[in-house]
Structure formats: C-alpha cells, structure tokens
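# Close look at the chain arrangement
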Amino acid sequence: MSKFIFITGGVVSSLGKGIAAASIGKLLEARGLKTTIIKCDPYLNVDPGTMNPYQHGEVYVTEDGAETDLDLGHYERFTNAQVSKDSNITTGKIYYSVILKERRGDYLGKTVQIIPHITDEIKNSLKKVAHDRNVDVTIVEIGGTVGDIESLPFLEAIRQMRWELGEGYALNIHVTLLPYIKSAGEHKTKPTQHSVGRLREIGILPDILLCRTERHMDKEQKDKIALFCNVDKESVIDACDVKHIYEVPLVFQKQGLDDLILKKLKLKADSKDLGEWKDFVIQRLKNPKREVKISVVGKYISLPDAYKSIYEALVHGGIANDARVIINKIDSEDISKNGKVDKYLGGSYGVLIPGGFGTRGIEGKILAVQFARERKIPFFGICLGMQVATIEFARNICGFKDANSTEFDTDTPYPVISLLEEQKNIKNMGATMRLGSYACKLTKDSLSYKAYKKENIQERHRHRYEFNNKYRVQLEKKGLLIAGTNPEAHLVEIIEYPEHPWFVACQFHPEFRSKPERAHPLFRNFITAAAEYGSS
Ligand code: GLN
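Residues numbered from 1 in each chain as written. Predicted model: local features only at pLDDT ≥ 70, side-chain atom pairs only at ≥ 80, totals over all residues. Heavy atoms only, no water.

## Description of helix H8 (residues 219-229)
Burial in H8 covers these residues: Gln221, Asp223, Ile225, Ala226 and Cys229. Elements that come into contact with the buried residues of H8 comprise strand E9 (186-187), helix H7 (190-201), strand E10 (208-213) and strand E11 (236-240). (Buried < 20%, exposed > 50% of the residue type's maximum accessible area, 1.4 Å probe, protein only. Helix = DSSP H or I, 4+ residues; strand = E, 2+ residues; numbered from the N terminus. Contact = heavy atoms within 4.5 Å.)

Quick look at the structure:
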C-alpha cells in the first residue's frame, strides 16, 4: 500500500511547492523507492487547457494527452516517474464527476454535499492513482495558499486521509515563507506561525516545514519555529534560494530531509547519493565551458512560466554541450510593430520559436524565421514555430503571396496550414485538440534522424492546425525536406531546410520529454549547432 506525502503552501504563492515536491520525489527515487505525484488545483476549470498563459503559465501535456499543470513537468524532469491524465485533479474535475453521479442517481436520494461527497471524490481519486501506479510513496501537492476559501475541500480531504491512514502512512509537509527584513537585520517567523496556525485550525498538523528564505537561517531561528509551530527541531528545513532549481534536491539532502521522511513514514531504504545529478548536471550548470545566446521569439515573453518546459529544455541542451544558455526573450509583437529584426535578433547564435495560439505577433515570428533562414542562424521551430516556418517558406521561397494558416487568415489564397476535416466541426474547445503522444517516422537523411539516431519516435502534441498536404510537393520542389511524418495519418511532423546548416521545425512539443541529465536530442543538437555558429 502506498504511503502519502501531502504538500501545502502558506503565506504567499510562488514559493516553489512544485520544485519542492519534485525534489522530494527525486530524493526518494534515489533511495530506491517508486513514487508518483498528484497535483490538486483548486480552480473550477476542468483542466488548464482552455486558460490563457497569463492566468496559468504553461500547459504541460502528458503522454496520454492530458493538459495539465506545469508542476507536473517539474516532476517528470526531476524523476523517472511518468505522469498522466489522473495526475492533475482540479475542483472542476471533481465537481463534474460528482454532478454526473448525482444525475445518474448514484447517491440514492441523499443530499449531495461538499462533505462528504466532494471530499470523498477527492480522496478516492488520490487513492486510485496510488493504487493503479503501485508506488511506495504518492506525493500530493495542494495548489493555492492555506487560508484560501477554494482550497478548503482539498485540505479537508487530506486531513481526513491522514487521520484514516494513521501514523507512519501519511505525512504533512508545509512550504512557508520566512522573510528576511533588511532594516531589522533578521528573519521574521510570524508569517510562518500564522500560516501553521491556519492549518491547525482546520485540523492539519504539519510534520515538516520547508522554510523558503533568501538568507540561510541559524539554529536559533530553527528552534524558535519548531517551538512555536509544534514541529521537531530537525523538521525545520532551510529552503534558501538557489541559483539553479536542480540544486534543490541536494540542499534538502544535505539537511537529511530524505532520512527524516523515511523515518516518519517508517520506510527503510539504502542510502545513496545523487551521483550523476551532482557530478554532471550541477557540475556543468555551475562551471560551463562556453556560452550560447539563444533568442526565443514568443508572444508571452514577459511571463517566465509561459514557456517553462522550453526554457528548461534549452538549459538541458546547454548541459549536454557543456554550455551556459543565455536566453534572449523577444516579444514577437515588437518585431511585428517596427520590423527591425536585426535590432532584436542580431548577435543570437540560435533562434527558437515556441508554440502559441492566435494572430497577435504572427508577422513578427515570420520575419524572425526569415532572418534566421537568410543569415543561416540555427533555427528551431516548435508547433506554431513550425507553422510559421512553413508560411515563411511558402511566401518567400515559393512565392505564394499571402500564404498563411487559416487560424490567422481564413481567406488566404494559400492555406499552407489548415484544419483537418475532423477538427472543422468541433464546438467544444476543452480537450479537443490533437493531444498527447503520436508516432513519427523520420527520413533517414535528415538532421532529425541524426539527432534521434533512430527511425521511429514518439512525441507529444497539442495543436489543432496541420501542415496542409495539398502543398507538400510544391514546397518539397523548392527544397523543403519533410523529415518526419505520422505513419497512420501521413501528417507532416518535421520540416527541415537542407540548404541551411541547422533549420529544424516540428509540429510536436519535444520540450516535454527533455531531462537535465538527458537533454532531448533536438534541443541537444540545436545547442551544438548554435555553439558552432557562435564560434565561427
Ligand atoms: N495554434 C496552433 C494550432 O492550434 C499551434 C498550437 C501550438 O503551438 N501549440 O495548431
């Protein structure tokens, strides 16, 4: 039977609960335990798929095609666990299921209530994942901040579970803020005390506190927090800011967090260090041999979380090449407005255009592709990035004036990107895109094949529009290489331009499969090409 770790957050949001959860997963996995994660999000959307990135940040896509919270991305990057549809539970999902049951008459005449029906639904969803995955430890991260009205049913559910499971089977970890007040020259423990107080009011007693702080705490402060918050002294963990998120597991391990968790969960496991993680990932992050400047041209550039997996995959590509990747974030709308591409992209060793939706900034992206293609700067297009690369090629190489995607211009004379028949009649927007993992067969003589070193690959998708096969032959005649296609539907998955040293654009999202110690092959080779370009 799986044991449970419940992670809550207090005082403010953005404390890095997701990184903390992933780091704990990493430590337990290093001790030989099998783990999984569940992220509970207390909003009414059934999933984040229909939310704007400004509301939610990146939507992370799982192998089985679920649109989920980006914290699950951290978990897959830090551990070997694979997340899926049921790894992200939202209030919307829970209510949807309860209301469907009520309509079916499953509640046999009872009044359906938050307690016990909603809380039971939450508990059963958590237990089902733990059971189906057959893991030793299930980590449950509760989104939001303690004290929010909307997270109360989730907190009540984990309170009940902890009580039902009993000691040694479940554990509460609270991530809290320990602000350092410069004028007073000290840390302030009051917000943490209040936040733990709020938890206690609803019957949750944290076993371990992870104190997020910008300066290290001393023993006296730890003892004070332990005394005021009812936790053991050894259970107050200093979670001081680090330069690279991948250092967090090491910081926790140094303070014995893995031993502490094992002791509290009455689990036995061999001790092990974080070998490759420490010697390869951290070592290279800290002392890279060179620097590579990559421009990312997107629409949600001001938001650090909007392209989370892309930025991480670039870092991984850097690690593989022993290089620090300096990311130059460019708002494509700025290029659209004044057309001065050189001003924004000059000096880049590589240009990446990530996924996206909607018309804003599209012309700027097309100009960015043209700039990279003509200057022979390594270019990597992802999803929308491949679509704009196709449009640029059609317009500027094939002479198809006003070629476009029907997403941006329904009347374009050359719809080189368009909707598949099955997408044309779709009315509901939620979970109806081409989602999740699909097969792709690579063309042997391509940069992509060179990167993957195999012919058959699987990659995750999240898009509605496709390369329009009606134009395939005409584009190929002008030198476009179709480097990968879906074997069943013959959809174009990768385009390349062999007259350019490294021009690769894919319809799928390779960033979701990249890991710090195993960079995705396309990201790895993109950075290799960029480093070569930079040193030439
Ligand atoms: N908007 C495009 C589509 O729906 C691309 C989507 C994406 O980049 N994820 O096909």
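Having put the structure on the table, let's press on.
## Description of the site of the ligand
With respect to spatial proximity, the complete set of residues near the ligand consists of Gly355, Gly356, Phe357, Cys383, Leu384, Gln387, Glu407, Arg462, His463, Arg464, Tyr465 and His509. Here Gln387 contributes a side-chain N or O atom positioned 3.1 Å from an oxygen atom of the ligand. Separating an oxygen atom of the ligand from a backbone N or O atom of Arg464 is a distance of 3.0 Å. Isolated, the ligand exposes 300 Å² of accessible area, and the fraction of that covered by the protein chains is 98%. The cavity where the ligand resides is the largest cavity. For the shell around the ligand, the per-class residue count stands at four nonpolar, five polar and three charged. (Near = heavy atom within 4 Å. Polar contact = N/O pair within 3.5 Å; in protein donor to acceptor, adjacent residues only side chain to side chain. Areas by Shrake-Rupley, 256 points an atom, 1.4 Å probe, with all protein chains shown as cover. 1 Å grid on protein atoms, 1.4 Å probe; cavity = no way out; pocket = protein on both sides within 12 Å on 5 of 7 lines; lining within 4 Å. Sits in = over half its atoms within 2 Å of the grid points. Nonpolar A, V, L, I, M, F, W, Y, C, P; charged D, E, K, R; others polar.)

## Regarding the packing of H7 against H8
At their nearest, the axes of H7 and H8 sit 10 Å apart, and the two run at 25° to each other. Judged by the inter-axis angle, H7 sits roughly parallel to H8. H7 and H8 meet at a crossing whose hand is right-handed. Where H7 abuts H8, its residues Thr192, Gln193, Val196 and Arg200 lie against Ile225, Phe228 and Cys229. (Axes fitted to C-alpha atoms, helices over the stretch in contact; angles between N-to-C directions. Parallel < 35°, antiparallel > 145°, perpendicular 65-115°, else oblique. Left-handed = near helix turned anticlockwise from the far one by under 90°.)

Honestly, it's all geometry; don't read function into it.
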